[in-house]
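Residues per chain are reported as follows:
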Amino acid sequence: MTRAAASARPALRPELCKGCNRCVDTCAQGCISPGGEVDPLTGLVPIDLSLDACTGCGLCVEACPEPWGLRFDDGAPPPAAAAAPRDLPGEQLPLPGGGALVLKGAHASAIGALLAGCRHFFGYPITPSTEGAELMARVLPGLGGHFVQAVSEVAAVNMIYGCGGAGLPAMTFTSSPGFSLMLEGISYLIGAEVPGVFVDVMRAGPGLGNIGPEQSDIKLLCRGLGHGNTRAIVLAPATPQEMLDFTLLAFRLAFAYRSPVMIAADGYLGQMTGRVHLPGALVRPGLPAWAVHGDAAHRPNLISSIHLAEVDLEAHNERLQAKYARMIDAEQRADLYRCEDAELLLVAANTPARMAKGAIRALRDEGIAAGLFRPQTLWPFPVRALRPLLERTAALLVVEASDGQLEDELRLALSHAGAGAGIPIHHVRRMGGVLPSQREIVAGARAALAGRARA
Ligand code: SF4
Ligand code: SF4
């Protein structure tokens, strides 16, 4: 940066000032002070200039990281506004076919992320999710990507915020105590409409609990994603194949809705080994128009969740509510197993759904018409697929590894939909890292049908 004549004075374009205050420290004449007013265009606080004592030394201009924020007022017009940024679409690149791989669930999820074009991982190791992070640490550098082990989950979630705000696919693997630490940051991502994928390999709680499998975070995932009116799609895989497929899907949904997407796995799923087929294509990500990207076209972009005027924040919340409504309408997913004639409907997700499937086969051998309704999205709960099954259902039996968190989602969904009135809801629950056994589920089913008349 060349210095101007001594008579020249720096001028500020407040809408480009980041409020970093580097220029404040450089001015020996005390001409620059931290600002006191939020710029309505940016939500940032630009500096105040008082140039009576200015010598035109130019040190402040040299210190400013923003090329057009603080510069000498040489009469030159500001650069012509760049054309508005536009979405650069991603590409699907064909993958050669091959046989099935045998993979751990956490590894399958990591491979799904790589195939989705994710080259940025931020996280903090925590059992039983660490295998996914380890694979990313091994593979990403060779792919030109970045693996950062943050100092904590709080740091990791904010790194995802920055990377997602740049329009890049970013993710983390974590587990329940770590996920709890990320919740404030997730609220910021939702508020600022920043994509990111969170794979929560749930373990038993409360507190540090243990590293056994539990569905301990369903209430956080569906009802407690930090402060504010927050919702995000929650995918619930039950096999290593779904760990891969749902991770790929999560990245697509994260960018389609500009929102974080959650994958609710459990400790067994993270460790479980199974056959996994790769998809026929991998993704080369594009660049969304809204990204904070380092070129002239994207310069006006600003990502923030702050809306200081109450009416603005309410309007923003209403936009988010409309987005949640679109998710509820378009993203309900469920898997049905032998539900066509079921009078007893088992409701289960994740690994407990595998036990429930075995129990259904045993119950069918006894002549009991049982079926499995398996939500693949915990939020939005797939009540649309459940509703028609209820016409012939005598009882519902919720099988889960928690104190009733899945049952709460079922009851809320039925209540909001005005469905299922009079159908008794029973449950088989285990906690602490213990999963419901097939024998317990069969016994629970028999008990549920003992008084099969509708309540
Ligand atoms: S040009 Fe020099 S004296 Fe003038 S405001 Fe900048 S740093 Fe201060
Ligand atoms: S250095 Fe530039 S961006 Fe930072 S406060 Fe000063 S004018 Fe603003």
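Residues numbered from 1 in each chain as written. Chains lettered and ligands numbered in written order. Predicted model: local features only at pLDDT ≥ 70, side-chain atom pairs only at ≥ 80, totals over all residues.

Visitor: Can you walk me through the domain arrangement of the chain in this structure?
Guide: Put simply, an interface is often sized by how much accessible area is lost when its parts join up. According to the domain assignment, the chain consists of domain 1 (10-72), domain 2 (96-330) and domain 3 (334-450). The gap between the C-alpha centroids of domain 2 and domain 3 is 28 Å. Contact residues are listed per partner, giving 24 residues for domain 2 and 23 residues for domain 3. Elements with a contribution of two residues or more to the side of domain 2 that touches domain 3: helix 7 (218-223), strand 11 (234-235), strand 12 (260-266), helix 9 (267-271) and helix 10 (310-330). The dominant element in the side of domain 2 that touches domain 3, judged by the number of residues it contributes, is helix 7, at four residues. The residue makeup of the side of domain 2 that touches domain 3, split by class, is 16 nonpolar, four polar and four charged. (Domains from an automatic or database assignment. Contact = placed C-beta atoms within 7 Å. Helix = DSSP H or I, 4+ residues; strand = E, 2+ residues; numbered from the N terminus. Nonpolar A, V, L, I, M, F, W, Y, C, P; charged D, E, K, R; others polar.)

Visitor: Looking at this structure, I do not really get the site of ligand 2. What am I missing?
Guide: Residues in contact with ligand 2 amount to 15 residues; listed here are only the nearest, Cys17, Cys20, Cys23, Cys64 and Leu70. When the residues that make up the shell around ligand 2 are grouped by side-chain class, the tally is nine nonpolar, three polar and three charged. (Near = placed C-beta within 6 Å.)

Visitor: Explain the sheet that holds strand 8 (residues 146-149) to me, please; I cannot follow it from the model alone.
Guide: Strands in a sheet are paired, the pairing made by backbone hydrogen bonds, and the direction either parallel or antiparallel. Spatially, 8-7-9-10-12-11-18 is the arrangement adopted by the seven strands of the open sheet, whose pairing is mixed. Single-partner strands in this sheet number two, and they are strand 8 and strand 18 (377-379). With four bridges connecting them, strand 7 (residues 120-123) and strand 8 associate as parallel partners. Following the sheet pairing, phenylalanine 121 is matched in strand 8 by phenylalanine 147. (Pairing = 2+ DSSP bridges.)

Visitor: Teacher, can you tell me more about the environment of asparagine 210 here?
Guide: Within the element layout of this structure, asparagine 210 appears in the loop between strand 10 (196-202) and helix 7. Judged by the 14 C-beta atoms lying within 10 Å of it, asparagine 210 falls in the partly exposed class. Counting along the chain gives 83 residues from asparagine 210 to threonine 127, while the straight-line C-alpha distance between them is 9.2 Å. (Buried ≥ 20, exposed ≤ 12 C-beta atoms within 10 Å, placed from the backbone.)

Visitor: Any chance you could explain the sheet that holds strand 16 (residues 344-347) here in plain terms?
Guide: Strand order in the open sheet formed by five strands is 15-17-16-19-20, and the pairing between neighbours is mixed. If you trace the sheet from one side to the other, it starts and ends with strand 15 (334-337) and strand 20 (425-429), each paired once. The sheet shows a mean angle of 20° between the axes of neighbouring strands, taken without regard to direction. Here strand 19 (residues 395-400) runs beside strand 20; their pairing, made up of five bridges, is parallel. Counterpart to glutamate 400 in the pairing with strand 20 is arginine 429. Of the strands in this sheet, strand 15, strand 16, strand 17 (370-375) and strand 19 are in contact with helix 11 (residues 350-365), which crosses strand 17 at around 165°. The sheet strands contacting helix 14 (residues 438-450) are strand 16, strand 17, strand 19 and strand 20, and the helix crosses strand 19 at an angle near 155°. (Axes fitted to C-alpha atoms, helices over the stretch in contact; angles between N-to-C directions.)

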